[in-house]
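Listed below, chain by chain, are the residues.
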Amino acid sequence: MAEHTQKGPLLQFAPMQSLVDEGFWHRLSSLKLNKLGIDDSPIPINGFYAPCSHSQISNHLTLLAESLPSESNESLLAPDTSRGNRNKCSVPGILYNTNTVESFHALDKQNLLKAEASKIWEDIQTGNAVEDPAILSRFLLISFADLKKWTFHYWFAFPALMLDPPVTVNYLKPASQWLSKEEVESLSAACNEWRNSRLTADVPFFFITIDANSCATIKHLKDWETCQSDAYKTLFGFYDPCHLPNNPGWPLRNFLTLLSAKWNLKRVQFLCYRENRGFADMDLSLVGEALITDSQGEGDGVPNVVGWELNKGRKIPRRISLSQSLDPTRLAISAADLNLKLMRWRALPSLNLSTLSSVKCLLVGAGTLGCQVARMLMAWGVRKITLLDNGRVAMSNPLRQSLYTLDDSLNGGEFKATAAVRSLQKIFPAVEAEGVVMAIPMPGHPVPSQEEESVLDDCRRLSDLIDAHDAVFLLTDTRESRWLPSLLCANTNKITITAALGFDSFLVMRHGAGPFSQASNLSTETVTSVCDDMHKLNVNDATGKERLGCYFCSDVVAPTDSTSNRTLDQQCTVTRPGLAPIASSLAVELLVGILHHPQGIYAEGEINLSVSDTTEQPLGILPHQIRGSLSQFSQMTLIGHSSSSCTACCQTVVSEYRNKGMEFILQAINHPTFLEDLTGLTELMKSASSFSMDWDEDVDDEDDDDCVEI
Amino acid sequence: MSLFKSSEEKQDAGSLISKEERNMLENEEPFDCASLGPESDYQEINHYDFHVVYSASYKVPVLYFRAYHCDGQPLLLSEIEKGLPGLSVKLLSESKWTFITQEEHPYLNRPWYKLHPCGTCEWMKLLFSTHKSLTTNGSTIEHYLISWFSVVGQVFGLKIPLEMLNCS
């Protein structure tokens, strides 16, 4: 047939772009977990879009949390729609969410798309699309939500019925160039009014009549048939999300199909309505004339359809990971980190968070002290915690041992070490906690020969554990159980912190450096060659200064079996409940202080003076020992230097251990006076008892302690 | 607010797509000459959302924000900071007034970032103490938000147009 008009170029439409708010995936996850389970029937959803509002950016079809039906919706019918929002024109869509990634890829995409296309075609045929034209932009979404890894695969399709032959365009120009000045003014005003009224703000398709007086009126599509216009100018308008100056947006495609199929319009003047800052912008908005030669009409089959969204230019689905914002563990980690950083920012700029998060702490004892120390360490950002204890949770424990609950104590009780680890993980899933169920070999508790090998194994295991950690807390309830760990720590120069409780008093102290500590740790002091001068390193460490003492340095008797011959009330280690949390907290604060001190384990002991400006370190003074009394509500800071007769850390003992290893340990365990003989304590006592001296039971020797009352 | 992003930065994500995901769609969909090709319309955009929310406990406005790529992938704080203008990054790290924390958005109940408000009261007082005319005019309240935003906006390189400052 002869062409009566010269055909212009093909009209090229800018594809619709999708934008899914994270809240949508959040709600879908919640729906899947709580309501849908494995049900994968299609879910009706709503998308939202609005006219382009910026000259450089296209608007999107957006999905929000409210796009999905709420969980309270009994049968998951269409989501609640609130109409009248000018920024959220509601468009119906359908979601196919699969249960596996394989079924996601196996979906018959073309058939799904054709199904949506037939819905649009039918809405056009029946006139539904004229009543509620937003349904012309019906869309399809397929997805797979991996709720273990919190990744989401998804793919949008915006079905566009294809006109055959394709539509051509006679002209396309800014509206301000096609309209007269008065017409622009009138049309802008009419559009703004349309956009401001709740009844019409979200109606995205309409028609405009402009009369000879340049007066523009906007009407609903359904008024078209009754209002066959004799208007001077007629425009079919739609909200155009696209910003491009030479292309109309995607919604125009089905709009033209509607106009052609329903009303047989072949030459259509259209308005791509766009805004700027909330007002009609006739420079950005385009007016064009489309020529439709498609011969499809009512009664014909569904036209062909296209519309799968391109992902970075390719026809593949998208995949995003939301673990950072949906995975509770990740959220807990970032919340904890930011909390510590807040402390650093507000109060403590020199806080070294990476040291705290990488330090490996071994807690010997998982009782009242151990539980509290573990919690406090986590609060400071320490993540690597090992608890060692061979006991089980008893029914009275949960009251004082803050990691255990009643359940842990039932049926004989869980092992403390394992229950503690579980509890820590419940508090903060990202903690790297380990439990070791093991007894500590103790001097004064002789070992029958058949158990020797297993005791030696335990010794080795303890030695390995200490080697593998950076800081060791001695939190057991007997004196003798602290001996072996103290020795091993002195040998390897590990940061060691002891906490010990009396009935209403406590001791928290850090052990000094070991007698053979290496020079390489020090940066500020000049050091003598350690290997040659080892024999000189008696009470001094490699800095040449006096070593601070360990827990045993001020003892004049070796640790012995303290449990067997005590009376009943002495056997139960009863303490005032407030003591353990106080002592545990101080122990952890002491560790943090050491870790931030430039000399670390070699830091000199400081005492609290009433003059407040003696502290150089931001965290305050770094004491050696803190002794507190609940009956006085008081605390003292003291310094005690190492003793050359110390049964745990003196040079003699440590070298014997280095030379004889496990054999030495066994002797110490089995023979009551072995340690005293070795260190010369026996001699010391003999010579002391030869005087008639008032031997004070209190081990605070006033000669080498400085103490100040706080 | 949207920021264009160079398309090079996201190319490595493409290689992660497995063979299964290469759909057969290429052969199934009819060829469509009416669609604008991807080259001219392809925009890799990062979206930034800013909300101003009143904090009842600090009694000041708080700036909440989040950022995400156009495919919905949220941006991490480190990635957001990379996109800020150079001056802002300097400001963020040096200023004692600006600190970013992550918290639940009070109404949307999703994790958003916010500029910590504990310093706001202090520096707002400083701002207003040098503008006595503001307080005497009685127009303090109208100018409060604009003044507040002129400070926090700097963190993101956001500026207030002069017209806003002049209108009363």
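Coordinates for the structure precede this section.
Anyway, here's the lowdown on the structure attached to this text. Nothing here was measured: the structure is a model prediction, and the numbers come from that model.

## Structural notes on the interface of chain A and chain B
Piece 1. Facing the 59 residues of chain A at the interface are 48 residues of chain B.
Piece 2. Summed over both sides, the interface between chain A and chain B buries roughly 4600 Å², with carbon and sulfur atoms accounting for 55% of that surface.
Piece 3. Contact with chain B buries surface across chain A, with K312(A), K315(A) and W345(A) losing the most and accounting together for 16% of the total.
Piece 4. The salt bridge partner of R66(B) is D21(A), with a shortest N-O separation of 2.3 Å.
Piece 5. Inspection of the region where chain A meets chain B yields 12 residue pairs in polar contact (both at pLDDT 80 or more).
Piece 6. Going through the elements one at a time, β1 (18–20), α1 (22–36), α3 (109–126), β6 (151–161), β15 (305–308), β16 (318–321), α8 (323–326) and α9 (328–346) of chain A are the ones with two or more residues in the side of chain A that touches chain B.
Piece 7. Ranked by the residues each element gives to the side of chain A that touches chain B, the list is headed by α9(A), at 7 residues.
Piece 8. Per-class residue counts for the side of chain A that touches chain B are 28 nonpolar, 20 polar and 11 charged.

## Topic: the packing of aromatic side chains
All names here are of chain A.
Piece 1. Enumeration over the complete set of coordinates arrives at 27 aromatic pairs over all chains.
Piece 2. Consider the rings of Y551 and F552, whose centres lie 5.1 Å apart with planes at 80°: the pair is edge-to-face.
Piece 3. In this structure F552 comes out as buried when scored by relative accessible area, which is 1%.
Piece 4. Three or more aromatic residues joined by ring pairs make a cluster, and in this case those are F24, W25, F139, F152, Y154, F156 and F158.
Piece 5. Here the guanidinium or amino end of K88 rests over the ring plane of F48, the centre of that ring lying 5.3 Å away.
Piece 6. Above the face of the Y239 ring, R195 is positioned so that its terminal group lies 4.8 Å from the ring centre.

## So, the pattern of salt bridges
Piece 1. For the structure shown, the criterion picks out 21 salt bridges over all chains.
Piece 2. A salt bridge links E453(A) to R460(A); its shortest N-O distance comes to 3.8 Å.
Piece 3. A residue is classified by how much of its surface remains accessible, and E453(A), at 48% relative accessible area, is partly exposed.
Piece 4. Among the charged side chains, a salt-bridge network with shared partners connects D21(A), D49(B) and R66(B).

## So, the environment of D470(A)
Piece 1. Secondary-structure assignment places D470(A) in the loop between α15 (452–468) and β20 (471–474).
Piece 2. Distance in space between the C-alpha atoms of D470(A) and K312(A) is 49 Å, their sequence separation being 158 residues.

## Observations regarding the nonpolar core
Residue and element names in this part refer to chain A.
Piece 1. Counting 100 residues, the largest nonpolar core has F236, F255 and L256 as its most contacted members.
Piece 2. The element contributing the most residues to this core is β6, with 8 residues.
Piece 3. In terms of domain composition, this core takes at least three residues from each of domain 1 (18–161 + 311–321) and domain 2 (168–301).
Piece 4. Leave out the neighbours within four places in its chain, and F236 touches F206, F207, L221, W224, F255, L259, W263, L265, V268, Q269, F270 and L271.
Piece 5. Counting 54 residues, the second-largest nonpolar core is a separate cluster that includes C371, L377, F428 and F473.

## Regarding the packing of helix α19 (residues 651–660) of chain A against helix α20 (residues 662–670) of chain A
Residue and element names in this part refer to chain A.
Piece 1. Close contact between α19 and α20 brings their axes to 6 Å; oriented N to C, the two are set at 125°. The angle between α19 and α20 places the two elements in the oblique class. Seen from α19, the contacting residues are V653, E656, Y657 and K660; seen from α20, they are M662, E663, F664 and I665.
Piece 2. Partitioned by chemical class, the residues of the contact of α19 with α20 number 5 nonpolar, no polar and 3 charged.

## So, the pairing of strand β22 (residues 505–510) of chain A
Residues and elements named next belong to chain A.
Piece 1. Within β22, 5 of the 6 residues are buried, which leaves the element mostly enclosed by the surrounding structure.
Piece 2. Pairing of strand β21 (residues 495–501) with β22, which is carried by 5 bridges, proceeds in the antiparallel orientation. Within β22, the position partnered with T498 by the bridge is M509.
Piece 3. In this structure, β22 lies alongside strand β23 (residues 625–629), joined through 5 bridges in antiparallel fashion. When the sheet's bridge partners are listed, V508 is paired in β23 with I626.

## Looking at α1(A)
Because the α-helix completes a turn every 3.6 residues, residues three or four places apart line up on one side.
All names here are of chain A.
Piece 1. In this model α1 runs 19 Å from its N-terminal to its C-terminal C-alpha over 15 residues, within 8% of the 21 Å that 1.5 Å per residue would give.
Piece 2. Those residues of α1 not exposed but buried are E22, G23, F24, W25, L28, S29, L31, K32 and L36.
Piece 3. One side-chain oxygen at the N-terminal end of α1 lies 2.7 Å from the backbone nitrogen of G23; it belongs to D21.
Piece 4. At the exit of α1 stands G37, carrying a positive phi of roughly 60°.

## Focus on unusual backbone geometry
Residues and elements named next belong to chain A.
Piece 1. Between D164 and P165 the backbone carries a cis peptide bond, its omega angle lying at 0°.
Piece 2. Of note, P165 is situated in the loop between β6 and β7 (168–174).
Piece 3. Here F633, not a glycine, exhibits a phi torsion of approximately 50°, which is positive.
Piece 4. Mapped onto the secondary structure, F633 falls in the loop between β23 and β24 (634–640).
Piece 5. With relative accessibility at 69%, the residue F633 sits in the exposed group.

## Section: helix α6 (residues 181–196) of chain A
Piece 1. The terminal C-alpha atoms of α6(A) lie 23 Å apart, and with 16 residues this matches the ideal 22 Å at 1.5 Å per residue to within 8%.
Piece 2. Residues of α6(A) that are buried include every one of E183(A), V184(A), S186(A), L187(A), S188(A), A190(A), C191(A), N192(A), W194(A) and R195(A), and no others.

Procedures and definitions
- Residues numbered from 1 in each chain as written.
- Chains lettered and ligands numbered in written order.
- Predicted model: local features only at pLDDT ≥ 70, side-chain atom pairs only at ≥ 80, totals over all residues.
- Heavy atoms only, no water.
- Contact = heavy atoms within 4.5 Å.
- Buried area = accessible area lost by both parts, 1.4 Å probe.
- Salt bridge = Lys/Arg side-chain N within 4 Å of Asp/Glu carboxyl O.
- Polar contact = N/O pair within 3.5 Å; in protein donor to acceptor, adjacent residues only side chain to side chain.
- Helix = DSSP H or I, 4+ residues; strand = E, 2+ residues; numbered from the N terminus.
- Nonpolar A, V, L, I, M, F, W, Y, C, P; charged D, E, K, R; others polar.
- Phe/Tyr/Trp six-rings, centres within 6.5 Å; stacked < 30°, edge-to-face > 60°.
- Buried < 20%, exposed > 50% of the residue type's maximum accessible area, 1.4 Å probe, protein only.
- Lys NZ or Arg CZ within 6 Å of the ring centre and 35° of its normal.
- Core = buried A, V, L, I, M, F, W, Y, C linked by side-chain atoms within 4.5 Å.
- Domains from an automatic or database assignment.
- Axes fitted to C-alpha atoms, helices over the stretch in contact; angles between N-to-C directions.
- Parallel < 35°, antiparallel > 145°, perpendicular 65-115°, else oblique.
- Pairing = 2+ DSSP bridges.
- Expected span 1.5 Å × (residues − 1).

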